[in-house]
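Structural overview for review
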Amino acid sequence: MKNTTLVNHPPAVEVPDDNRPLVAPIYQSVKFSFDDTSETMRYQRGEREGFFYSRNANPTLTQLQRLLSELQGRDDCLLTGSGVATITASMLALCKAGDHVLLFVESYGPTRYIVQHLLAKFGVTHTMLSIEDLTGIERVLKDRPTRLAIFESPTNPVTKIADIEHLTRHAKAAGCLTVLDNTFAGFHNHGAYGIDVYLHSLTKYASGHGDVMGGAIIANRELIAAMRKDIGPIGAALDPHAAFLIQRGMRTYFLRYERQCANALSVAEFLAQHRRVKQVRYPGLKSHPQHELARRQMRDFGSIVTIDVDGGYQEAGRFAESLELFSIAASVGSTESLVMPPQLLHSGGYSAEQRAQSLVGKGTVRLSIGLEDEDDLKQDLTQGLLQAFS
Ligand SMILES: Cc1ncc(COP(=O)(O)O)c(C=O)c1O
């Protein structure tokens, strides 16, 4: 074998069956080979186990799929290269021309865009309500055949809580699928409800360290099998190395989530006492308008604390810029604390009524609380508020 051949056929290393690594290796291979054509064809006909092409299946992804679906209490999962890809892919897989979708004002901006603009191009219509409009939800589901309702809880950024029991009950009665973007609540919440499809941005709490993107669609086997047919050819697959990093992040998921929630509650209670803070929205606070509903539905309350500071854009912007431990950055759920001033929270495309329902005002600031020492965070918030109003 010449060296140019050798470098393309490197020596194989066999690991004995009774000598397994404690951390599964990364199958950083696009292709998997069977010994002959007939076995390859048996695999393609679904008559045997195996792997062929990593866009469709890869063992490193399979491990993460099994872990996430078990945590969420369902039996199957599809992984994508980002959280937003789960929204696009699942909407395209579940909807067809002529379908109607129930959408919510408080949903993540790209979710609204996908339904309002992308699905609209293919003849899918929608109704957009506030997640708090329970009678509106009942009316739409009763009056209009609806393919699916896509929603979040807690919502981004103002942490409104969807009444999941109410929504799933009325959706089921109307033959409407429920799709919950469960990114903010995490895999350990909401599994007991009759949700058909859970979406997660793995970029947030799952990877946890702000260094890798990914997404998961979790549902029962039959629904995933039906969706896989359309989602495979979309080609938004997760790379095995990213899957490995997310799998590693999941080892500390509960420790991080619990600690971030404890920090968030402590920060929320602290800010609620501050004279420059008009309102604090954190579902774990008794003052949150849906605290009781959040307690019924969730084991814990997440790491997002959204406040309205006295004054408007100027004061809120100065506050965000004065913070030293909070970086002005997108995303949430990482180990480090982040801040989003109102200038970056406002999104377009709302009517005046919808803008009011979104509750994002000129002094609204979103804080994503990390794993720093809680006293250091409070000290930083104190000096930030002082500077904002000096
Ligand atoms: C609720 C929610 N869903 C989905 C996403 C999209 O995730 P990604 O950034 O991984 O595409 C985000 C991102 O901020 C989000 O907040």
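In what follows, the structure referred to is the one given above.
The structure contained in this document is the topic of the report that follows. (Residues numbered from 1 in each chain as written. Predicted model: local features only at pLDDT ≥ 70, side-chain atom pairs only at ≥ 80, totals over all residues. Heavy atoms only, no water.)

What about the packing of helix H4 (residues 83–94) against helix H8 (residues 221–234)?
As a packed pair, H4 and H8 sit with axes 9 Å apart at the nearest point and diverge in direction by 115°. Between H4 and H8, the angle is such that the two are roughly perpendicular. Viewed along their axes, H4 and H8 form a crossing whose handedness is right-handed. Touching Ala89, Ser90, Leu92, Ala93 and Leu94 of H4 are Leu223, Met227, Asp230, Ile231 and Ile234, all from H8. Partitioning the contact of H4 with H8 into residue classes produces eight nonpolar, one polar and one charged. (Axes fitted to C-alpha atoms, helices over the stretch in contact; angles between N-to-C directions. Helix = DSSP H or I, 4+ residues; strand = E, 2+ residues; numbered from the N terminus. Parallel < 35°, antiparallel > 145°, perpendicular 65-115°, else oblique. Left-handed = near helix turned anticlockwise from the far one by under 90°. Contact = heavy atoms within 4.5 Å. Nonpolar A, V, L, I, M, F, W, Y, C, P; charged D, E, K, R; others polar.)

Describing the packing of aromatic side chains
Taken as a whole, this structure holds nine aromatic pairs when the rule is applied. Taking the centre distance of 6.5 Å and the plane angle of 75° together, the rings of Tyr282 and Phe301 count as edge-to-face. You can see Tyr282 sitting in the loop between strand E8 (277–281) and helix H11 (291–297) and its partner Phe301 sitting in the loop between H11 and strand E9 (304–309), a full 19 residues away along the chain. Both residues of the pair, Tyr282 and Phe301, count as buried. Taken together, the aromatic side chains of Phe187, Tyr205, Tyr253, Phe254 and Tyr257 make up a single cluster linked through ring pairs. (Phe/Tyr/Trp six-rings, centres within 6.5 Å; stacked < 30°, edge-to-face > 60°. Buried < 20%, exposed > 50% of the residue type's maximum accessible area, 1.4 Å probe, protein only.)

Focus on the pattern of salt bridges
One pass over the structure, following the stated rule, counts eleven salt bridges. Between Arg45 and Glu47 there is a salt bridge; the shortest N-O distance is 2.9 Å. Judged by its relative accessible area of 45%, Glu47 falls in the partly exposed class. For Glu374, the salt bridge is made with Lys378, and the minimal N-O distance between the two is 3.3 Å. (Salt bridge = Lys/Arg side-chain N within 4 Å of Asp/Glu carboxyl O.)

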